[in-house]
Amino acid sequence: MAVTVHLPSMLRELADGAAEVTASGETLGELLDDIATRHPTLERRLRDESGVLRRYVNFYVDGEECRRIGGVRAPVGRSTEVMVIPSVAGG
């Protein structure tokens, strides 16, 4: 099942310029595993070497922040949309 993953402009160059990519899986982690096979450089910006979600990157699964609904175990379905949104900090 293909799920649409929307990328912010700052990460698009790591996915061959695409604003969105499709990925397969039943959980967010499986989607990221699938993305890693096609876009390994992008995947390194999303998760660390041990597969943990990067602290300053937020993932919204159908509008819910993934860490509230299971993190990498957050379920995804056929019509799920995932948005990747880097945190913005500064003063």
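So, here is what we can say about the structure in this document. Small disclaimer: the values here were computed from a predicted structure and weren't measured.

## Concerning unusual backbone geometry
Moving on, step 1. The backbone phi angle of Asp16 is positive, close to 60°, even though this residue is not glycine.
Moving on, step 2. When you line up the elements, Asp16 lands in the loop between helix H1 (9–12) and strand S2 (20–24).
Moving on, step 3. Not every positive phi belongs to a glycine, and Asp62 is a case in point at roughly 50°.
Moving on, step 4. Classification of Asp62 by relative accessible area gives partly exposed; the value is 49%.

## Side note on the nonpolar core
Moving on, step 1. With 23 residues, the main nonpolar core has Leu28, Leu42, Leu46, Phe59 and Val84 as its most contacted residues.
Moving on, step 2. For this core, the secondary structure elements donating two or more residues are strand S1 (2–6), S2, helix H2 (28–38), helix H3 (40–46), strand S3 (57–61) and strand S5 (81–86).
Moving on, step 3. When residues in this core are grouped by element, the largest group, four residues, is from H2.
Moving on, step 4. Sequence-distant contacts of Leu42, that is, excluding residues within four places in its chain, are made with Leu7, Leu11, Leu14, Ala15 and Ile35.

## A word on a negative patch on the surface
Moving on, step 1. On the surface, a cluster of negative charge is contributed by Glu20, Asp62, Glu64 and Glu81.
Moving on, step 2. Among the structural elements, Glu64 can be located in strand S4 (residues 64–65).

## Observations concerning the sheet that holds S5
Moving on, step 1. The mixed open sheet is built from five strands, whose spatial order is S2-S1-S5-S3-S4. At either margin of the open sheet sits one strand with a lone partner, and together these are S2 and S4.
Moving on, step 2. Of the pairings in the sheet, the one linking S3 to S5 comprises five bridges and is antiparallel in character. Residue pairing in the sheet places Val61 in a bridge with Val82 of S5.
Moving on, step 3. The strands touched by H2 within the sheet are S1, S2, S3 and S5, with S2 carrying the most contacts at an inclination of about 115°.

Conventions and cut-offs
Residues numbered from 1 in each chain as written. Predicted model: local features only at pLDDT ≥ 70, side-chain atom pairs only at ≥ 80, totals over all residues. Heavy atoms only, no water. Helix = DSSP H or I, 4+ residues; strand = E, 2+ residues; numbered from the N terminus. Buried < 20%, exposed > 50% of the residue type's maximum accessible area, 1.4 Å probe, protein only. Core = buried A, V, L, I, M, F, W, Y, C linked by side-chain atoms within 4.5 Å. Contact = heavy atoms within 4.5 Å. Patch = residues over 30% accessible without salt bridge, like charges linked within 9 Å, V, L, I, M, F, W, Y side chains within 5 Å. Areas by Shrake-Rupley, 256 points an atom, 1.4 Å probe, with all protein chains shown as cover. Salt bridge = Lys/Arg side-chain N within 4 Å of Asp/Glu carboxyl O. Lys, Arg positive; Asp, Glu negative; His and termini not counted. Charge placed at Lys NZ, Arg CZ, Asp CG, Glu CD. Pairing = 2+ DSSP bridges. Axes fitted to C-alpha atoms, helices over the stretch in contact; angles between N-to-C directions.

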